[in-house]
Amino acid sequence: MRLKCPLCGERDRREFFYYGAEDYLDRPAADASLDAWDNYLHLRDNPAGMTKDLWYHEAGCAQWLLVTRNTVTHEISAVELVTDRGAGPIPTPKAEAAPDPKPAPEPRAKAAKPEVKRASSAAAKAEPKSDQKTGRTK
Amino acid sequence: MRYSGLKVITEGLLGNKGWSPAWRDPAPKADYDVIIIGGGGHGLSTAYYLAKNHGITNIAVLEKGYLGGGNVGRNTTIVRANYMIPGNTEFYSHSMKLWEGMEADLNYNVMHSQRGLINLFHSDGQRDYWVRRGNAMINQGDDAVLLDREGVRELLPYLDFENTRFPIYGGLLHPRGGSARHDAVAWGYARGADQRGVDLIQNCEVTGIDIENGVVKGVQTTRGAIRAKKVGIIVAGRSSQVAAMAGMRLPIESHILQAFVTEGLKPVIHQVISFGMGHFYISQSDKGGLVFGGDLDFYASYASRGNLPMVEHVMEAGMTLMPMIGRAKVLRSWGGIMDMSPDGSPIIDKTHIDGLFLDCGWNYGGFKAVPASGWCMAHLMATGAHHEYAAKFRLDRYATGHLLDEEGTGSQHNLH
C-alpha cells in the first residue's frame, strides 16, 4: 500500500501512522453535550467502501494527511494535507474560559560574576595597530 | 443421530450409507420468536443456548453465506482464560469451562487441545506485568505458573536464548490454555441447535431491519421478509452495516488481522507460544502446519487481505523467536475483519430499540469467547437481564466511562 503524500510523493505504508476516521477533525466545543463527545470519540460510520481517514506521515514530513480510500479494495482516490483542507489545528478554548495564565516566573537573581582580570587587556589595546598594519577587516 | 466410536465402526462395516446430514436446510418461515443475524461461532452458540438453557427453539439463524464462513472459519484457534480485569476475567473463565465440557455436551469432536499456552517476557517490567496477570488468573480460579528462564528452556529448547535484543527472562504458563478446531466448534453448535429445532438458513442476507415505534418487528432478507419479536445482531466485522439498518452508529471500527499457515511438519511446537516483543504467537495444528500471526495491519479495512509490511514484520518476529521455522514454506495467509471497539473489550447488550440486541466488539479475540458469548447473549435475549459474567459489556460504557481497558492503552479504536 502506498500513499502519495502531497509534499513527499509516493511513500510506502510503513512511513505512516493511521489515526482513525475523519470524524476526528470535527472536535466539539469543550462544553458540548455528552452525546456530542461520545459521538466524536467513539461512534463511527465504519463503511465498507469509500471512507476518509487521517494518516500522519511520521517517517517523512510529519504532516497530517486526509486520505480518501476504499476499505474493500484499498484503492486510494485522494490524499490531501489536513491544513490545506482548512480544518486547521485543534481550536483553542475561548479566551474567557481559559484559566488565568500563570504569572511569569521571577527572574533568577543573577550570580555576581567574579571579576576577571584580563591579562590580555594590554594586548587588546595593542591589537588595532596590528590590524591596521595588516589591513585585516574586523 | 448420535455420534460415537461404535457408530463409526458399524457404518464402516455397512458401507457408510447410514450417515445423515449434520443439519437440515429448511426454507425460512414467515415468522419466528427469535432471529439471529449471523451464522458464525457466536450466532450459532447463541441459538444453541437459547434452545438448551431457555427452551426457546422457534429460532432462525440467518447467514448471508455458508455457516461458519466468517472469522470462525479462519483464525489462529487459541483458547485461553488469561484476562486480567474484572468484567473480563469471569467471562473468559466461564468460557473455558464451557470449552472443557463442550465435546460431551455437543456430542461433537472439536479437537479441544489443552496443550498449554506460554507468554514469554523479556524484561523486569514485562515479568512484573505477567506476574500480576498470573495472580489475576489465579484469583479468578484459573491456572497460571510462573516460569523462569530455565523453566522456559526445559519446555521450549529451540527458542533463541542467545538473543540479546529480546532476552528470554521467563514466561507465564497457562496449562489449561491451548487450541481447538475452529470449524468444528461452529459445526458442533450448528448441529446441536438444529437438533433442538432451530432453523439454520444459509445464503440469506439481511437487507433491512423493520422497526415500528421503537419496537423491532422483523427483517428483510434476500429470501424474503421474516417477522420476529426478538432480533440479535451477531455479525462481528459487519456490525456497523447491519446496525445501520436499524439507524444505529456503533463504537466499532473494522480492522484487518492477518494470519498464516505453513506446510505440514512433524510435531515440533507442542504448546501455544506468545512472543513478548510484540504481538506474535504460534502453535502447530494437528495436521502439522504452523499456525501463526501477529499484529493488526492498523488501518480500517474490509478487504480480507492485508499488506506486505505486516507480513514482513510477522515473519521477522517468528525468525527472531525460533529460527528453526525458517525452512518451512508458508502455504497460505488470510485476513479477517475484526470488529474493534474503543477499549478492546466486547459488547453484549440491548439497544435502544425494543427487542433488538447486539453482540459485537470482539476485536481479534472472539474465538475463545464462542461458548460464553452464546451463553450470555442467550441469557440476555431470553430474560432481558444481563448475565452476571457479561454484566459489564455495555454498549454505553464509552459514554459513561466504565471502560474495560484490558491493555491500558485508552479508549481509541486504533490502540487495541
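Residues numbered from 1 in each chain as written. Chains lettered and ligands numbered in written order. Predicted model: local features only at pLDDT ≥ 70, side-chain atom pairs only at ≥ 80, totals over all residues. Heavy atoms only, no water.

## A word on the sheet that holds strand S4 (residues 50-56) of chain A
All names here are of chain A.
Working step 1: Strand order across the open sheet formed by 4 strands is S3-S4-S5-S6, with antiparallel pairing between neighbours. Edge positions in the sheet fall to strand S3 (17-21) and strand S6 (76-81), since each of these pairs with one other strand and no more. Between one strand axis and the next, the sheet turns through 30 degrees on average, direction left out of account.
Working step 2: Two elements, S3 and S4, share 4 bridges in a ladder whose sense is antiparallel. Within S4, the position partnered with Gly20 by the bridge is Leu54. (Pairing = 2+ DSSP bridges. Helix = DSSP H or I, 4+ residues; strand = E, 2+ residues; numbered from the N terminus. Axes fitted to C-alpha atoms, helices over the stretch in contact; angles between N-to-C directions.)

## So, the pairing of strand S12 (residues 253-264) of chain B
Residues and elements named next belong to chain B.
Working step 1: Here S12 lies mainly inside the structure; 10 of its 12 residues are buried.
Working step 2: Direction of pairing for S12 relative to strand S16 (residues 330-340): antiparallel, over a ladder of 10 bridges. Residue pairing for S16: Leu257 is matched across the bridge by Gly336.
Working step 3: The pairing of S12 with strand S15 (residues 289-300) spans 6 bridges and is antiparallel. When the sheet's bridge partners are listed, Val261 is paired in S15 with Val291. (Buried < 20%, exposed > 50% of the residue type's maximum accessible area, 1.4 Å probe, protein only.)

## So, helix H8 (residues 308-321) of chain B
Working step 1: Taking 1.5 Å per residue as the helical rise, H8(B) with its 14 residues ought to reach 20 Å, and the 20 Å between its terminal C-alpha atoms agrees with that figure.
Working step 2: Within H8(B), burial applies to Pro309(B), Met310(B), Val311(B), Val314(B), Ala317(B), Gly318(B) and Leu321(B).
Working step 3: Buried positions along H8(B) lie against strand S2 (9-12) of chain A together with strand S4 (117-121), S12, strand S13 (272-275), strand S14 (280-284) and S15 of chain B. (Expected span 1.5 Å × (residues − 1). Contact = heavy atoms within 4.5 Å.)

## Remarks on the packing of helix H2 (residues 41-54) of chain B against helix H3 (residues 89-106) of chain B
Residues and elements named next belong to chain B.
Working step 1: Running from N to C, H2 and H3 point in directions that differ by 75 degrees, and their axes come no closer than 14 Å. If you check the angle between H2 and H3, you find them roughly perpendicular. In contact with Tyr48, Tyr49 and Lys52 of H2, H3 contributes Leu98, Asp105 and Leu106.
Working step 2: A class-by-class count of the residues in the contact of H2 with H3 yields 4 nonpolar, no polar and 2 charged. (Parallel < 35°, antiparallel > 145°, perpendicular 65-115°, else oblique. Nonpolar A, V, L, I, M, F, W, Y, C, P; charged D, E, K, R; others polar.)

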